[in-house]
Amino acid sequence: PCLVVGTCRCGKGAALAVRGCLTEDVQAVWVDDAATAGQVTELAGLLFPKKNDLVQVHQESGQSLFERFSLQKQLDQIHSREVSLPSGGSLVIDKTEALTAIDINSGRSSGKSNFEDMAYRTNIEAARAIPLQRRLRDIGGQIVADFIEMRDRDHWRDVEKAVRNGMKGDRARYDVGKIGPFGMLEIVRQRLGSSAISVSLEPCPCCKGTGMRRNMEWQAMQALREISRQLRQAAANKQTSLTYHTESELAVYLLNTKRVMLHDMEEEAGVSLMVVPA
C-alpha cells in the first residue's frame, strides 16, 4: 500500500498523516510538494531509518495527486451510506448516537439457487470491507454488523476470522466479539478523535439530522392551520390583507393543491391572502 500526503497550508497535516498512518507495510509515501516532501522525509527517517527511498514526489503537471490514485472515488465512498460489494451485495452504514449499525444486503445475489453459498460469499466480502470502511471513516465506539443468516457454523467462524484479520494493525484498542444466534457481530473500538464524517458534515436544516422529513401534505396541513390563525388575527385587527411567507416548495404545493381551501379561508375571514415563497 501507498500513503498519499497532499499539500497542507498549515504545515501540520503532513506530520499528522505520517505519525498516524505510516506503518511497516507502507511501501511508498507520495507527496505533491517539495517542501512537504522534505518534512515527510525527515519524519519518516526517524521512524524507519532503513527505508531510504520511501518518499516520492509527484511531479506530473497533467494530473493531480488525487487523480493519479483515484482518491476522489474513495473520498466520495466515505460519505456514502451504501457501499457496494464485488458480488452485488452492499453494506448500509448508519450512525446513531449510541452505535454504528452496518447492515449487509445480498442485493442482486439474492436470486441465486444456492442460498447458503450466496450468503457465505456476501458475508465474507462484507467482513473484509467492514475493517476498510472503519479505517476510511475512522469509526469509533460500538459497531454492530448484521450479517446474512447462514446455517453452517464453520462459515460463521470464517466470517469472524475475516473481520479479525482486517482489524489487525489498528493502533486503537479494539475488541471483536462472536456472531450471535441472530447474525449480529459486535465490534468495540477506542475513539481516537472525531470521525471523517463528523468533521465534514453538519445536520440538515430540514430533517435536523434524522435523514427524514415531513411530506408536503403534512407540511401543507400545518401551514393551513397557521394561515387560518393569522387570518383570524388579521380580521380581528381590521386588516384587509395578509401576506404569508413560506419555503418555495411548500408555497407551490399550497397554491397548486390547496387553492380552494385558501379561497374559502379568505372568504370566511374577509381578508385577502397572498402566499409568497421565501
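Residues numbered from 1 in each chain as written. Predicted model: local features only at pLDDT ≥ 70, side-chain atom pairs only at ≥ 80, totals over all residues. Heavy atoms only, no water.

To continue, consider the overall build of the chain. Counting secondary structure elements, the chain contains nine helices and 11 strands. Within the chain, contacts between residues at least 6 apart in sequence are counted, and of these 63% link residues at least 24 apart. Put simply, the chain shows about 17,300 Å² of open surface, and 52% of that area lies on carbon and sulfur atoms. (Helix = DSSP H or I, 4+ residues; strand = E, 2+ residues; numbered from the N terminus. Contact = heavy atoms within 4.5 Å. Areas by Shrake-Rupley, 256 points an atom, 1.4 Å probe, with all protein chains shown as cover.)

Turning to the packing of aromatic side chains, a few remarks are in order. Applying the stated criterion to the full structure yields one aromatic pair. With 5.8 Å between their ring centres and 55° between their planes, W30 and F69 make a pair best called tilted. Here F69 lies in the loop between α3 (65-68) and α4 (71-78) and W30 lies in strand β2 (residues 28-31), a separation of 39 residues in the sequence. A relative accessible area of 15% places W30 in the buried class. In this structure F69 comes out as partly exposed when scored by relative accessible area, which is 25%. Taking NZ or CZ as reference, R68 lies 4.1 Å from the ring centre of W30, over its face. Geometry around W218 places R214 over its ring, the cationic atom sitting 4.3 Å from the centre. (Phe/Tyr/Trp six-rings, centres within 6.5 Å; stacked < 30°, edge-to-face > 60°. Buried < 20%, exposed > 50% of the residue type's maximum accessible area, 1.4 Å probe, protein only. Lys NZ or Arg CZ within 6 Å of the ring centre and 35° of its normal.)

Attention now goes to the environment of F182. Its place among the elements puts F182 in the loop between β8 (174-176) and β9 (184-189). According to the relative accessible area criterion, F182 is exposed, its value standing at 71%. Counting along the chain gives 35 residues from F182 to F147, while the straight-line C-alpha distance between them is 8.6 Å.

Within the structure shown, the criterion is met by one cavity of 30 Å³ or more. In this structure, the largest cavity spans a volume of roughly 40 Å³. Around the largest cavity sit I102, I130, Q133, R134, I139, I143, M167 and I187, which together line it. Across the lining of the largest cavity, the residue classes break down as six nonpolar, one polar and one charged. (1 Å grid on protein atoms, 1.4 Å probe; cavity = no way out; pocket = protein on both sides within 12 Å on 5 of 7 lines; lining within 4 Å. Points joined across faces, edges and corners; volume = space filled by probe spheres on them. Nonpolar A, V, L, I, M, F, W, Y, C, P; charged D, E, K, R; others polar.)

What helix α8 (residues 248-257) keeps buried is the set L250, A251 and L254. Projected down its long axis, α8 carries its buried residues within an arc of 100°, all on one side. Contact partners of the buried residues in α8: α7 (216-236), β10 (241-246), α9 (259-269) and β11 (272-277). (Arc of directions from axis to C-beta.)

The strand order β4-β5-β6-β7-β9-β8 describes an open sheet built from six strands, whose pairing is mixed. Each end of this open sheet is capped by a strand with a single partner; those strands are β4 (82-84) and β8. Strand-to-strand twist across the sheet, computed as the mean angle between neighbouring axes with direction ignored, equals 20°. Of the strand pairs in this sheet, strand β5 (residues 90-95) and strand β6 (residues 99-105) are connected by six bridges, and their pairing is antiparallel. Bridging across to β6, D94 finds its partner in A101. Strands in contact with helix α6 (residues 153-167) are β8 and β9; relative to β8, the strand with the most contacts, it is inclined by about 165°. (Pairing = 2+ DSSP bridges. Axes fitted to C-alpha atoms, helices over the stretch in contact; angles between N-to-C directions.)

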